[in-house]
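A closer look at the structure
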Amino acid sequence: AVELGEKINTLLIFDGFGALAAERGDFNKAAQLSGVAETLGASIGYAPEPAERRFRDSYLKKLHAAMGEDEYNAAYRQGLRLSLEEATKLAHDDI
């Protein structure tokens, strides 16, 4: 998806990797990937479909509960600043 420039699929994939990281307990990585997905969506004016929003809200709720707002926001902001190359490397680490 990255190589083909498919931003919608790419942001959905980053959200998927974020949810997987959250399930593994890697909350910092998950929060960063949520920031990456948000940045991609904003860059193209993408509005998530209801099912996508429920999926995202579900893992974000878990992150907020596990990390607390300050820790989550710090990691999320790191994700907002990652380049696509850095984000792809982050998503592929530990899989």
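Residues numbered from 1 in each chain as written. Predicted model: local features only at pLDDT ≥ 70, side-chain atom pairs only at ≥ 80, totals over all residues. Heavy atoms only, no water.

1. Describing the pattern of salt bridges
If you walk through the whole model with that rule in mind, you get five salt bridges. For the salt bridge of D93 with K89, the shortest nitrogen-to-oxygen distance reads 3.5 Å. Take D93: its relative accessible area is 30%, and that puts it in the partly exposed class. For K89, a relative accessible area of 55% puts it in the exposed group. The network of salt bridges with common partners includes D15, E38 and R56. (Salt bridge = Lys/Arg side-chain N within 4 Å of Asp/Glu carboxyl O. Buried < 20%, exposed > 50% of the residue type's maximum accessible area, 1.4 Å probe, protein only.)

2. With respect to the packing of aromatic side chains
One pass over the structure, following the stated rule, counts two aromatic pairs. Taking 6.1 Å as the distance between ring centres and 55° as the angle between the ring planes, the aromatic pair formed by F55 and Y59 counts as tilted. Of this pair, F55 and Y59 both sit in helix α3 (residues 50-67), four residues apart, which is roughly one turn of that helix. For F55, a relative accessible area of 42% gives the class partly exposed. Taking relative accessible area as the criterion, Y59 reaches 5% and is therefore assigned buried. Taking 5.6 Å as the distance between ring centres and 25° as the angle between the ring planes, the aromatic pair formed by Y72 and Y76 counts as stacked. With Y72 and Y76 both in helix α4 (residues 69-81) and four residues apart, this pair spans about one turn of that helix. (Phe/Tyr/Trp six-rings, centres within 6.5 Å; stacked < 30°, edge-to-face > 60°. Helix = DSSP H or I, 4+ residues; strand = E, 2+ residues; numbered from the N terminus.)

3. Re the nonpolar core
Residues A19, A21, A22, A30, A31, Y59, L60, L63, M67, Y72, A75 and Y76 constitute the largest nonpolar core, which totals 12 residues. Every element with two or more residues in this core is listed here: α1 (7-24), α2 (27-44), α3 and α4. Here this core takes four residues from α3, the largest share from any one element. Among all residues touching Y76, those that are not within four sequence positions of it are A31, S34, G35, E38 and R56. Formed by nine residues, the second largest nonpolar core is a distinct cluster that contains L11, L33, V36 and L40. (Core = buried A, V, L, I, M, F, W, Y, C linked by side-chain atoms within 4.5 Å. Contact = heavy atoms within 4.5 Å.)

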